[in-house]
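Inside the fold
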Amino acid sequence: MAKTIRDPRIRISRRIKKDKVFKVKVKFDHPSFTGLGIVDAETKPVFSRAIPVSFIRNMFVYFGDQLVSRFRMSSAIADDPLFTFKLKAIQEAPVKVVFVDNQGKKWEASKKIKFSN
Amino acid sequence: MVIKEDFSRRKFIRYSVIGGAVVPLLSGVPYENEVYGGVFNAPKDLENLTEIERIHLPKVIMPPVVEDGTQASIVVSLDHPMEEDHYIKSIQILNFADPVVIKGKFYMTPVNGEAFISTQIRLAGGEGTVWVVAECNKHGKWAANRTVNVAAGGC
Amino acid sequence: MKKIFSFIILSFFFLIMGSHAVFAGTIEEEFKIEGLISPASPKALKSALEKELEVKVIDLNLKNTKTGWPVLTVQFDSGAVSREKIENVIGEIEDPAGHKYKVHHGPLLANAPILDEEEEAIAILGDTAEVFPNMKNPITDKAASASRGGKLFVNNCAKCHGLSGNGYGTVAHSFTTWPRQLWVWNNTGEETDGYLFWFITNGRSDMPPFGLILSENNRWDLINYIKTIKNPGE
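Numbers given for residues are sequential positions, taken from 1 along each chain in its written order. Each chain is given a letter, starting from A, and each ligand a number, starting from 1, according to the order in which they appear as written. At least 70 in pLDDT is required for a residue's local features to be given in this predicted model, at least 80 for side-chain atom pairs to be given and counted, and no such filter applies to totals for whole chains, interfaces and linings, which use all residues. Hydrogens and water molecules were not included; the side-chain quantities draw on all heavy atoms of the structure.

Okay, the pairing of strand β2 (residues 21-27) of chain A next. All names here are of chain A. Buried residues are those whose accessible area, probed at 1.4 Å on protein chains only, stays under 20% of the maximum for their type, while exposed residues exceed 50% and partly exposed ones sit between those limits. Each helix corresponds to a stretch of at least 4 residues labelled H or I by DSSP, and each strand to a stretch of at least 2 residues labelled E; elements are numbered beginning at the N terminus. The side-chain alternation of β2 yields one buried face, formed by F22, V24 and V26, and one unburied face, formed by V21, K23, K25 and K27. At least two DSSP bridges between two strands are required for those strands to pair. Sheet analysis places strand β1 (residues 9-12) next to β2, joined by 4 bridges and oriented antiparallel. Looking across to β2, one finds that R9 is bridged to K27. Where β2 meets strand β7 (residues 82-88), 7 bridges bridge the pair, whose relative direction is antiparallel.

Attention now moves to the interface of chain A and chain C. Here a residue-residue contact requires only that any non-hydrogen atoms of the pair lie within 4.5 Å. Listed as interface residues are 36 residues of chain A and, on the opposing side, 41 residues of chain C. Computed with a 1.4 Å rolling probe, the buried area is the accessible surface lost when two parts are put together, summed over both parts. With both sides pooled, the region where chain A packs onto chain C buries about 3,200 Å², and carbon together with sulfur makes up 55% of that total. Considering only the surface of chain A that becomes buried against chain C, V39(A), R49(A) and R72(A) emerge as the three largest contributors, covering 26% of it. Basic side-chain nitrogens of Lys or Arg form a salt bridge, by our definition, when they fall within 4 Å of a carboxyl oxygen of Asp or Glu. The tally of links between chain A and chain C comes to 4 salt bridges. For D206(C), the salt bridge is made with R72(A), and the minimal N-O distance between the two is 3.1 Å. As used in this structure description, the phrase polar contact means that two N or O atoms lie within 3.5 Å; if the pair is within protein, one of them must be able to donate a hydrogen and the other to accept it, and residues adjacent in sequence are counted only when both atoms belong to side chains. For the interface between chain A and chain C, the tally reads 19 residue pairs in polar contact (both at pLDDT 80 or more). Going through the elements one at a time, β3 (36-37), β4 (48-49), β5 (56-63), β6 (66-73) and β8 (94-101) of chain A are the ones with two or more residues in the side of chain A that touches chain C. Counting residues per element, the side of chain A that touches chain C draws most heavily on β6(A), which supplies 6 residues.

Residues and elements named next belong to chain C. The pairing of strand β1 (residues 26-34) with strand β3 (residues 71-77) spans 7 bridges and is classified as antiparallel. Across the sheet, residue E29 finds its bridge partner in β3, namely V74. The pairing of β1 with strand β4 (residues 102-103) spans 2 bridges and is classified as antiparallel. Across the sheet, E34 pairs through a bridge with K102, a residue of β4.

The next subject is the side chain of T67(C). By the secondary structure assignment, T67(C) is in the loop between β2 (55-61) and β3. Of the residues examined, T67(C) reaches a relative accessible area of 13% and is grouped as buried. Within the local environment of T67(C), its side chain forms a polar contact with the backbone nitrogen of W69(C), the two atoms lying 3.2 Å apart. The contact partners of T67(C), leaving out residues within four places of it in the chain, are R49(A), K32(C), L108(C) and Y168(C).

Glancing now at the packing of aromatic side chains. The description of two aromatic rings rests on the distance between their centres and on the angle between their planes. By convention, a stacked pair of Phe, Tyr or Trp rings (six-membered ring in the case of Trp) has centres within 6.5 Å and planes under 30 degrees apart, an edge-to-face pair has planes over 60 apart, and any other such pair is tilted. A complete count under the given rule lists 16 aromatic pairs over all chains for this structure. These aromatic residues form a ring-pair network of at least three members: F28(A), F71(A), F83(A), F85(A), F99(A), W107(A) and F106(B). Distance and angle both matter: a charge sits over a ring if NZ of Lys or CZ of Arg is within 6 Å of the ring centre and within 35 degrees of the ring normal. Over the face of the ring belonging to F116(B) we find K86(A), whose NZ or CZ atom lies 4.6 Å from the ring centre. One residue, R83(C), lies across the ring of F31(C), its end atom 4.1 Å from the ring centre.

Quick look at the structure:
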(Lines give C-alpha, C1' and ligand atoms only; values in the text may rest on other atoms or scores of the structure.)
Protein backbone atom coordinates (compact mmCIF):
# COMPACT_ATOMS: atom_id res chain seq x y z
CA MET A 1 0.00 0.00 0.00
CA ALA A 2 1.29 3.35 -0.98
CA LYS A 3 1.88 5.54 2.06
CA THR A 4 1.62 8.81 0.21
CA ILE A 5 -0.16 10.03 -2.89
CA ARG A 6 2.11 11.44 -5.59
CA ASP A 7 0.91 13.55 -8.50
CA PRO A 8 0.37 11.47 -11.66
CA ARG A 9 3.22 11.33 -14.18
CA ILE A 10 2.90 10.89 -17.94
CA ARG A 11 5.51 9.22 -20.15
CA ILE A 12 5.31 9.52 -23.90
CA SER A 13 7.84 8.66 -26.59
CA ARG A 14 9.64 11.66 -28.09
CA ARG A 15 9.34 10.25 -31.61
CA ILE A 16 5.76 10.92 -32.58
CA LYS A 17 4.75 11.16 -36.22
CA LYS A 18 1.60 12.84 -37.46
CA ASP A 19 -1.38 10.47 -37.73
CA LYS A 20 0.59 7.59 -36.23
CA VAL A 21 -0.47 5.82 -33.04
CA PHE A 22 1.67 6.38 -29.96
CA LYS A 23 1.73 4.86 -26.48
CA VAL A 24 0.93 6.84 -23.34
CA LYS A 25 2.00 5.60 -19.92
CA VAL A 26 0.49 7.14 -16.81
CA LYS A 27 1.74 6.30 -13.33
CA PHE A 28 -0.28 7.36 -10.31
CA ASP A 29 0.85 6.52 -6.79
CA HIS A 30 -2.49 6.25 -5.01
CA PRO A 31 -3.44 3.72 -2.33
CA SER A 32 -6.16 1.33 -3.33
CA PHE A 33 -7.79 -1.13 -0.99
CA THR A 34 -11.07 -2.99 -0.99
CA GLY A 35 -11.32 -2.67 2.80
CA LEU A 36 -12.34 -6.32 3.10
CA GLY A 37 -11.27 -9.13 5.40
CA ILE A 38 -11.96 -12.84 5.69
CA VAL A 39 -13.24 -13.32 9.21
CA ASP A 40 -15.64 -16.15 8.49
CA ALA A 41 -14.80 -18.15 5.39
CA GLU A 42 -17.48 -20.76 6.07
CA THR A 43 -20.54 -18.70 5.15
CA LYS A 44 -21.16 -16.78 1.96
CA PRO A 45 -20.40 -14.04 1.06
CA VAL A 46 -16.92 -15.02 2.23
CA PHE A 47 -15.56 -11.50 2.72
CA SER A 48 -16.73 -8.99 5.32
CA ARG A 49 -16.01 -5.31 5.64
CA ALA A 50 -12.92 -4.42 7.67
CA ILE A 51 -11.83 -0.83 6.99
CA PRO A 52 -13.02 2.14 4.89
CA VAL A 53 -12.32 1.74 1.20
CA SER A 54 -9.93 3.77 -0.99
CA PHE A 55 -9.77 3.77 -4.77
CA ILE A 56 -9.44 5.87 -7.92
CA ARG A 57 -12.94 6.04 -9.39
CA ASN A 58 -12.26 7.86 -12.66
CA MET A 59 -9.43 8.70 -14.99
CA PHE A 60 -10.21 11.08 -17.85
CA VAL A 61 -7.91 11.54 -20.82
CA TYR A 62 -8.10 14.77 -22.81
CA PHE A 63 -6.20 15.35 -26.06
CA GLY A 64 -6.31 19.09 -26.62
CA ASP A 65 -9.84 20.05 -25.54
CA GLN A 66 -11.38 16.73 -26.49
CA LEU A 67 -12.23 14.00 -23.98
CA VAL A 68 -10.88 10.89 -25.70
CA SER A 69 -10.98 8.19 -22.99
CA ARG A 70 -12.50 7.53 -19.64
CA PHE A 71 -11.40 4.78 -17.26
CA ARG A 72 -14.06 3.96 -14.73
CA MET A 73 -12.60 1.93 -11.87
CA SER A 74 -13.41 0.15 -8.61
CA SER A 75 -11.40 -0.72 -5.51
CA ALA A 76 -10.14 -3.82 -7.37
CA ILE A 77 -7.57 -1.81 -9.32
CA ALA A 78 -4.08 -2.27 -7.87
CA ASP A 79 -2.19 0.15 -5.64
CA ASP A 80 -0.10 2.71 -7.51
CA PRO A 81 -1.32 1.62 -10.93
CA LEU A 82 0.49 2.13 -14.21
CA PHE A 83 -1.94 2.65 -17.09
CA THR A 84 -0.85 2.22 -20.68
CA PHE A 85 -3.11 3.18 -23.58
CA LYS A 86 -2.73 4.51 -27.09
CA LEU A 87 -3.58 7.71 -28.93
CA LYS A 88 -3.50 8.76 -32.56
CA ALA A 89 -1.30 11.80 -33.23
CA ILE A 90 -3.99 13.89 -34.89
CA GLN A 91 -2.69 17.21 -33.55
CA GLU A 92 0.10 18.95 -31.67
CA ALA A 93 -1.66 19.57 -28.36
CA PRO A 94 -1.35 18.64 -24.71
CA VAL A 95 -2.41 15.23 -23.44
CA LYS A 96 -4.04 15.76 -20.06
CA VAL A 97 -5.09 13.11 -17.56
CA VAL A 98 -7.44 13.85 -14.66
CA PHE A 99 -7.88 11.43 -11.76
CA VAL A 100 -10.69 11.52 -9.20
CA ASP A 101 -10.71 9.20 -6.19
CA ASN A 102 -13.62 7.96 -4.09
CA GLN A 103 -13.15 10.88 -1.67
CA GLY A 104 -13.79 13.29 -4.54
CA LYS A 105 -10.17 14.48 -4.60
CA LYS A 106 -8.74 15.41 -7.99
CA TRP A 107 -5.27 15.25 -9.52
CA GLU A 108 -4.09 16.04 -13.02
CA ALA A 109 -1.03 16.00 -15.23
CA SER A 110 -0.37 16.99 -18.81
CA LYS A 111 2.29 16.69 -21.47
CA LYS A 112 2.56 18.53 -24.77
CA ILE A 113 2.68 16.47 -27.94
CA LYS A 114 5.06 17.68 -30.67
CA PHE A 115 5.62 15.87 -33.91
CA SER A 116 9.17 14.72 -34.64
CA ASN A 117 10.66 15.19 -38.06
CA MET B 1 14.78 -27.52 2.76
CA VAL B 2 12.59 -24.47 2.90
CA ILE B 3 14.97 -22.54 0.66
CA LYS B 4 14.97 -25.31 -1.88
CA GLU B 5 11.18 -25.43 -1.99
CA ASP B 6 10.98 -21.68 -2.30
CA PHE B 7 13.52 -21.72 -5.10
CA SER B 8 11.64 -24.31 -7.14
CA ARG B 9 8.35 -22.50 -6.59
CA ARG B 10 9.85 -19.21 -7.75
CA LYS B 11 11.37 -20.93 -10.73
CA PHE B 12 8.03 -22.45 -11.61
CA ILE B 13 6.27 -19.10 -11.33
CA ARG B 14 8.95 -17.39 -13.41
CA TYR B 15 8.57 -19.91 -16.21
CA SER B 16 4.80 -19.69 -15.93
CA VAL B 17 4.94 -15.91 -16.26
CA ILE B 18 7.18 -16.15 -19.31
CA GLY B 19 4.94 -18.85 -20.74
CA GLY B 20 1.89 -16.71 -20.02
CA ALA B 21 2.95 -14.18 -22.62
CA VAL B 22 2.99 -16.71 -25.40
CA VAL B 23 0.18 -19.11 -24.55
CA PRO B 24 -2.86 -18.98 -26.85
CA LEU B 25 -4.90 -15.91 -26.12
CA LEU B 26 -8.35 -17.28 -26.77
CA SER B 27 -11.11 -18.21 -24.36
CA GLY B 28 -10.43 -21.03 -21.96
CA VAL B 29 -13.79 -21.38 -20.25
CA PRO B 30 -16.97 -22.15 -22.17
CA TYR B 31 -20.01 -19.92 -21.80
CA GLU B 32 -22.77 -21.15 -19.55
CA ASN B 33 -25.35 -21.14 -22.32
CA GLU B 34 -25.25 -20.77 -26.05
CA VAL B 35 -27.24 -17.64 -26.60
CA TYR B 36 -25.64 -15.45 -23.90
CA GLY B 37 -28.95 -13.70 -23.44
CA GLY B 38 -28.68 -12.67 -27.08
CA VAL B 39 -26.07 -10.11 -26.04
CA PHE B 40 -22.56 -11.51 -25.93
CA ASN B 41 -20.92 -12.72 -29.11
CA ALA B 42 -18.23 -15.34 -29.22
CA PRO B 43 -16.54 -17.20 -32.09
CA LYS B 44 -18.25 -20.36 -33.25
CA ASP B 45 -14.97 -22.12 -33.99
CA LEU B 46 -11.83 -20.88 -32.26
CA GLU B 47 -9.61 -22.67 -34.79
CA ASN B 48 -11.23 -21.00 -37.78
CA LEU B 49 -12.17 -17.44 -37.00
CA THR B 50 -14.13 -15.39 -39.51
CA GLU B 51 -12.86 -11.86 -40.18
CA ILE B 52 -15.61 -10.35 -38.03
CA GLU B 53 -14.71 -12.71 -35.19
CA ARG B 54 -10.98 -12.10 -35.54
CA ILE B 55 -11.22 -8.33 -35.18
CA HIS B 56 -13.72 -8.41 -32.31
CA LEU B 57 -12.27 -11.07 -30.07
CA PRO B 58 -10.39 -9.42 -27.18
CA LYS B 59 -6.81 -10.66 -26.76
CA VAL B 60 -6.07 -10.98 -23.09
CA ILE B 61 -2.52 -11.30 -21.85
CA MET B 62 -2.17 -12.44 -18.27
CA PRO B 63 0.26 -14.82 -16.62
CA PRO B 64 -1.50 -18.12 -15.83
CA VAL B 65 0.03 -17.99 -12.36
CA VAL B 66 -0.15 -14.69 -10.49
CA GLU B 67 2.19 -14.60 -7.51
CA ASP B 68 0.85 -11.39 -5.95
CA GLY B 69 -2.91 -10.89 -6.24
CA THR B 70 -2.60 -7.22 -5.31
CA GLN B 71 -0.73 -6.46 -8.55
CA ALA B 72 -1.97 -8.75 -11.32
CA SER B 73 -0.89 -7.38 -14.66
CA ILE B 74 -3.38 -7.49 -17.53
CA VAL B 75 -3.09 -6.33 -21.13
CA VAL B 76 -6.12 -6.26 -23.42
CA SER B 77 -5.96 -5.43 -27.11
CA LEU B 78 -8.04 -5.94 -30.25
CA ASP B 79 -7.14 -5.97 -33.94
CA HIS B 80 -10.10 -3.71 -34.53
CA PRO B 81 -10.20 -0.48 -36.55
CA MET B 82 -10.72 2.74 -34.62
CA GLU B 83 -12.56 4.74 -37.25
CA GLU B 84 -15.29 7.34 -36.83
CA ASP B 85 -18.04 4.93 -37.89
CA HIS B 86 -16.55 1.67 -36.58
CA TYR B 87 -14.64 1.50 -33.33
CA ILE B 88 -14.39 -0.18 -29.93
CA LYS B 89 -16.47 1.80 -27.45
CA SER B 90 -15.34 0.11 -24.27
CA ILE B 91 -13.33 -2.70 -22.68
CA GLN B 92 -14.53 -4.10 -19.36
CA ILE B 93 -12.50 -6.35 -17.03
CA LEU B 94 -14.24 -8.61 -14.48
CA ASN B 95 -13.83 -11.65 -12.27
CA PHE B 96 -17.05 -13.10 -10.90
CA ALA B 97 -15.26 -15.16 -8.25
CA ASP B 98 -13.81 -12.06 -6.56
CA PRO B 99 -15.61 -9.97 -3.93
CA VAL B 100 -15.26 -6.88 -6.14
CA VAL B 101 -16.35 -8.30 -9.50
CA ILE B 102 -15.83 -5.29 -11.76
CA LYS B 103 -12.25 -4.11 -11.97
CA GLY B 104 -12.82 -1.35 -14.46
CA LYS B 105 -14.47 -0.26 -17.67
CA PHE B 106 -12.40 1.66 -20.16
CA TYR B 107 -14.35 3.87 -22.57
CA MET B 108 -12.59 4.72 -25.82
CA THR B 109 -13.02 6.87 -28.93
CA PRO B 110 -11.57 6.70 -32.45
CA VAL B 111 -8.80 9.11 -31.30
CA ASN B 112 -7.31 6.20 -29.35
CA GLY B 113 -6.11 4.82 -32.67
CA GLU B 114 -5.87 1.27 -31.29
CA ALA B 115 -8.04 -0.61 -28.80
CA PHE B 116 -5.39 -1.25 -26.17
CA ILE B 117 -5.25 -1.06 -22.38
CA SER B 118 -2.71 -2.26 -19.87
CA THR B 119 -3.14 -2.01 -16.10
CA GLN B 120 -2.87 -3.97 -12.85
CA ILE B 121 -5.80 -5.42 -10.93
CA ARG B 122 -6.54 -7.07 -7.60
CA LEU B 123 -7.50 -10.77 -7.66
CA ALA B 124 -8.59 -13.07 -4.83
CA GLY B 125 -6.52 -16.18 -4.12
CA GLY B 126 -6.97 -19.51 -5.88
CA GLU B 127 -8.17 -20.33 -9.35
CA GLY B 128 -10.38 -17.81 -11.08
CA THR B 129 -11.57 -16.68 -14.47
CA VAL B 130 -10.89 -13.16 -15.65
CA TRP B 131 -13.46 -11.98 -18.19
CA VAL B 132 -13.00 -9.24 -20.72
CA VAL B 133 -15.94 -7.72 -22.61
CA ALA B 134 -15.27 -5.44 -25.56
CA GLU B 135 -18.10 -3.43 -27.09
CA CYS B 136 -18.06 -2.43 -30.76
CA ASN B 137 -20.29 0.45 -31.85
CA LYS B 138 -21.57 -1.66 -34.76
CA HIS B 139 -21.25 -5.32 -33.76
CA GLY B 140 -22.16 -5.41 -30.07
CA LYS B 141 -20.39 -7.02 -27.15
CA TRP B 142 -17.67 -9.67 -27.46
CA ALA B 143 -16.31 -11.64 -24.54
CA ALA B 144 -13.16 -13.62 -23.85
CA ASN B 145 -11.70 -15.05 -20.68
CA ARG B 146 -8.49 -16.32 -19.12
CA THR B 147 -8.07 -18.78 -16.29
CA VAL B 148 -5.57 -17.62 -13.70
CA ASN B 149 -4.17 -19.09 -10.52
CA VAL B 150 -3.42 -16.58 -7.82
CA ALA B 151 -0.83 -17.69 -5.26
CA ALA B 152 -1.43 -14.90 -2.72
CA GLY B 153 -4.88 -13.29 -2.81
CA GLY B 154 -5.05 -9.51 -3.05
CA CYS B 155 -8.62 -8.58 -2.13
CA MET C 1 -43.59 24.40 57.40
CA LYS C 2 -41.63 21.42 58.66
CA LYS C 3 -44.11 19.08 56.97
CA ILE C 4 -43.78 20.91 53.65
CA PHE C 5 -40.01 20.79 53.89
CA SER C 6 -40.08 17.00 54.63
CA PHE C 7 -42.43 16.52 51.69
CA ILE C 8 -40.05 18.32 49.31
CA ILE C 9 -37.08 16.31 50.58
CA LEU C 10 -38.96 13.03 50.22
CA SER C 11 -40.23 13.97 46.75
CA PHE C 12 -36.71 14.80 45.68
CA PHE C 13 -35.47 11.47 47.09
CA PHE C 14 -38.13 9.49 45.25
CA LEU C 15 -37.49 11.44 42.08
CA ILE C 16 -33.80 10.53 42.19
CA MET C 17 -34.56 6.90 42.97
CA GLY C 18 -37.24 6.80 40.30
CA SER C 19 -35.03 8.25 37.57
CA HIS C 20 -32.29 5.81 38.50
CA ALA C 21 -34.76 2.98 38.10
CA VAL C 22 -35.77 4.30 34.69
CA PHE C 23 -32.33 5.10 33.31
CA ALA C 24 -30.13 2.45 34.90
CA GLY C 25 -30.37 -1.28 34.37
CA THR C 26 -29.25 -3.88 31.88
CA ILE C 27 -29.31 -2.56 28.34
CA GLU C 28 -28.05 -3.66 24.92
CA GLU C 29 -26.13 -1.39 22.55
CA GLU C 30 -24.78 -1.92 19.05
CA PHE C 31 -21.36 -0.84 17.79
CA LYS C 32 -20.19 -0.87 14.16
CA ILE C 33 -16.66 -2.25 14.23
CA GLU C 34 -13.69 -1.46 11.99
CA GLY C 35 -10.59 -3.66 11.92
CA LEU C 36 -11.95 -7.23 11.94
CA ILE C 37 -9.84 -8.82 9.24
CA SER C 38 -9.11 -12.45 10.10
CA PRO C 39 -10.76 -15.48 11.74
CA ALA C 40 -8.78 -14.65 14.91
CA SER C 41 -10.28 -11.14 15.15
CA PRO C 42 -13.72 -11.86 16.71
CA LYS C 43 -12.29 -13.85 19.61
CA ALA C 44 -9.62 -11.23 20.26
CA LEU C 45 -12.23 -8.45 20.38
CA LYS C 46 -14.76 -10.34 22.50
CA SER C 47 -12.38 -11.70 25.10
CA ALA C 48 -10.46 -8.45 25.54
CA LEU C 49 -13.67 -6.42 25.88
CA GLU C 50 -15.20 -8.79 28.44
CA LYS C 51 -11.92 -8.86 30.36
CA GLU C 52 -11.62 -5.07 30.52
CA LEU C 53 -15.23 -4.21 31.31
CA GLU C 54 -18.29 -5.66 33.03
CA VAL C 55 -20.05 -6.35 29.75
CA LYS C 56 -21.40 -9.36 27.91
CA VAL C 57 -20.98 -9.74 24.16
CA ILE C 58 -24.34 -10.93 22.84
CA ASP C 59 -23.60 -11.09 19.13
CA LEU C 60 -21.11 -10.19 16.41
CA ASN C 61 -22.94 -9.93 13.09
CA LEU C 62 -20.34 -9.84 10.31
CA LYS C 63 -22.25 -9.93 7.05
CA ASN C 64 -25.98 -9.44 7.41
CA THR C 65 -26.11 -5.93 8.82
CA LYS C 66 -28.00 -2.79 7.82
CA THR C 67 -24.88 -0.84 6.84
CA GLY C 68 -22.40 -3.46 5.59
CA TRP C 69 -20.21 -2.93 8.66
CA PRO C 70 -19.91 -5.75 11.24
CA VAL C 71 -22.10 -5.02 14.27
CA LEU C 72 -21.15 -5.95 17.83
CA THR C 73 -24.07 -6.19 20.28
CA VAL C 74 -23.10 -5.73 23.90
CA GLN C 75 -25.17 -6.11 27.07
CA PHE C 76 -24.19 -4.08 30.14
CA ASP C 77 -25.42 -2.32 33.27
CA SER C 78 -25.80 1.30 32.30
CA GLY C 79 -25.34 2.31 35.93
CA ALA C 80 -21.85 0.83 35.93
CA VAL C 81 -20.63 1.23 32.35
CA SER C 82 -21.30 3.86 29.69
CA ARG C 83 -21.40 3.57 25.89
CA GLU C 84 -18.49 6.01 25.66
CA LYS C 85 -16.40 3.87 28.00
CA ILE C 86 -17.07 0.75 25.88
CA GLU C 87 -16.15 2.66 22.73
CA ASN C 88 -12.89 3.84 24.29
CA VAL C 89 -11.98 0.33 25.39
CA ILE C 90 -12.76 -1.10 21.92
CA GLY C 91 -10.40 1.53 20.50
CA GLU C 92 -7.61 0.22 22.73
CA ILE C 93 -7.97 -3.47 21.82
CA GLU C 94 -5.35 -4.81 19.47
CA ASP C 95 -6.12 -7.26 16.66
CA PRO C 96 -3.72 -10.23 16.32
CA ALA C 97 -2.55 -8.56 13.08
CA GLY C 98 -1.22 -5.61 15.08
CA HIS C 99 -3.71 -2.79 14.44
CA LYS C 100 -6.35 -1.50 16.87
CA TYR C 101 -10.11 -1.81 16.45
CA LYS C 102 -12.30 1.22 16.05
CA VAL C 103 -16.00 1.99 16.35
CA HIS C 104 -17.14 3.16 12.92
CA HIS C 105 -18.95 6.50 12.76
CA GLY C 106 -18.71 7.31 9.05
CA PRO C 107 -21.67 8.21 6.88
CA LEU C 108 -23.81 5.47 5.36
CA LEU C 109 -22.80 6.51 1.85
CA ALA C 110 -19.04 6.57 2.18
CA ASN C 111 -17.97 7.84 -1.23
CA ALA C 112 -17.99 11.51 -2.21
CA PRO C 113 -20.66 12.83 -4.61
CA ILE C 114 -19.78 13.03 -8.31
CA LEU C 115 -17.97 16.28 -9.22
CA ASP C 116 -19.36 18.57 -11.94
CA GLU C 117 -16.34 17.80 -14.14
CA GLU C 118 -16.99 14.07 -13.77
CA GLU C 119 -20.66 14.55 -14.55
CA GLU C 120 -19.82 16.33 -17.82
CA ALA C 121 -17.30 13.66 -18.84
CA ILE C 122 -19.61 10.76 -17.94
CA ALA C 123 -22.31 12.29 -20.16
CA ILE C 124 -19.85 12.07 -23.09
CA LEU C 125 -18.22 8.72 -22.27
CA GLY C 126 -20.48 6.51 -20.22
CA ASP C 127 -23.14 3.86 -20.50
CA THR C 128 -25.94 5.01 -22.75
CA ALA C 129 -29.64 4.41 -22.24
CA GLU C 130 -30.91 1.10 -23.56
CA VAL C 131 -34.22 -0.13 -24.84
CA PHE C 132 -35.40 -2.97 -22.68
CA PRO C 133 -37.18 -5.76 -24.53
CA ASN C 134 -40.48 -7.12 -23.31
CA MET C 135 -39.90 -10.68 -22.14
CA LYS C 136 -42.09 -13.36 -20.72
CA ASN C 137 -40.91 -15.22 -17.65
CA PRO C 138 -40.95 -18.86 -18.84
CA ILE C 139 -40.92 -20.44 -15.38
CA THR C 140 -44.32 -21.51 -14.06
CA ASP C 141 -43.39 -22.95 -10.65
CA LYS C 142 -42.42 -19.61 -9.13
CA ALA C 143 -41.97 -20.89 -5.56
CA ALA C 144 -39.44 -23.59 -6.50
CA SER C 145 -37.69 -21.16 -8.81
CA ALA C 146 -37.45 -18.50 -6.09
CA SER C 147 -35.96 -21.08 -3.75
CA ARG C 148 -33.23 -21.88 -6.29
CA GLY C 149 -32.81 -18.16 -6.90
CA GLY C 150 -32.26 -17.54 -3.19
CA LYS C 151 -29.13 -19.68 -3.26
CA LEU C 152 -27.88 -17.94 -6.39
CA PHE C 153 -28.57 -14.60 -4.72
CA VAL C 154 -26.36 -15.41 -1.74
CA ASN C 155 -23.51 -16.54 -4.01
CA ASN C 156 -23.67 -13.77 -6.60
CA CYS C 157 -25.64 -10.73 -5.45
CA ALA C 158 -25.52 -10.48 -1.65
CA LYS C 159 -21.95 -9.18 -1.48
CA CYS C 160 -23.08 -5.90 -3.05
CA HIS C 161 -26.86 -5.76 -2.55
CA GLY C 162 -26.70 -7.21 1.00
CA LEU C 163 -28.21 -10.46 2.23
CA SER C 164 -31.46 -8.60 2.93
CA GLY C 165 -31.33 -6.84 -0.46
CA ASN C 166 -31.06 -3.43 1.23
CA GLY C 167 -28.18 -2.26 -1.01
CA TYR C 168 -25.58 -2.21 1.78
CA GLY C 169 -23.62 -5.38 1.15
CA THR C 170 -20.08 -5.75 2.43
CA VAL C 171 -18.62 -4.75 -0.95
CA ALA C 172 -21.13 -1.97 -1.70
CA HIS C 173 -18.63 0.78 -0.88
CA SER C 174 -16.17 -0.34 -3.56
CA PHE C 175 -17.90 1.42 -6.46
CA THR C 176 -18.91 4.88 -7.60
CA THR C 177 -22.60 4.05 -7.66
CA TRP C 178 -24.47 2.44 -4.76
CA PRO C 179 -26.26 -0.89 -5.32
CA ARG C 180 -30.03 -0.67 -5.52
CA GLN C 181 -32.43 -1.64 -2.78
CA LEU C 182 -34.03 -4.70 -4.29
CA TRP C 183 -37.36 -4.63 -2.53
CA VAL C 184 -38.53 -2.04 -5.06
CA TRP C 185 -39.25 -5.10 -7.24
CA ASN C 186 -41.25 -6.88 -4.54
CA ASN C 187 -44.40 -8.41 -6.01
CA THR C 188 -44.08 -6.43 -9.26
CA GLY C 189 -45.87 -7.94 -12.21
CA GLU C 190 -44.64 -9.34 -15.51
CA GLU C 191 -44.09 -5.82 -16.87
CA THR C 192 -40.76 -5.70 -15.00
CA ASP C 193 -39.49 -9.06 -16.31
CA GLY C 194 -37.86 -7.73 -19.47
CA TYR C 195 -36.10 -4.94 -17.61
CA LEU C 196 -34.79 -7.19 -14.84
CA PHE C 197 -33.68 -9.88 -17.26
CA TRP C 198 -31.86 -7.32 -19.42
CA PHE C 199 -30.20 -5.73 -16.39
CA ILE C 200 -28.99 -9.01 -14.87
CA THR C 201 -27.79 -10.26 -18.26
CA ASN C 202 -25.96 -7.12 -19.42
CA GLY C 203 -25.17 -5.27 -16.24
CA ARG C 204 -24.83 -1.50 -16.27
CA SER C 205 -22.45 0.95 -14.61
CA ASP C 206 -21.10 -1.05 -11.63
CA MET C 207 -23.47 -4.01 -12.02
CA PRO C 208 -21.68 -6.95 -13.71
CA PRO C 209 -23.15 -8.73 -16.75
CA PHE C 210 -24.28 -12.03 -15.25
CA GLY C 211 -25.28 -13.28 -18.69
CA LEU C 212 -21.65 -14.37 -18.98
CA ILE C 213 -21.78 -16.93 -16.19
CA LEU C 214 -25.44 -17.66 -15.36
CA SER C 215 -27.73 -19.64 -17.63
CA GLU C 216 -31.05 -18.15 -18.71
CA ASN C 217 -32.93 -20.36 -16.24
CA ASN C 218 -30.60 -19.24 -13.45
CA ARG C 219 -31.34 -15.61 -14.29
CA TRP C 220 -35.11 -16.23 -14.23
CA ASP C 221 -34.70 -17.99 -10.87
CA LEU C 222 -32.94 -14.87 -9.58
CA ILE C 223 -35.73 -12.63 -10.85
CA ASN C 224 -38.34 -14.83 -9.19
CA TYR C 225 -36.39 -14.62 -5.93
CA ILE C 226 -35.81 -10.86 -6.14
CA LYS C 227 -39.55 -10.34 -6.47
CA THR C 228 -40.02 -12.04 -3.09
CA ILE C 229 -37.61 -9.72 -1.21
CA LYS C 230 -39.52 -7.52 1.20
CA ASN C 231 -38.47 -4.32 2.90
CA PRO C 232 -37.67 -5.50 6.43
CA GLY C 233 -38.97 -2.17 7.75
CA GLU C 234 -42.49 -2.82 6.48
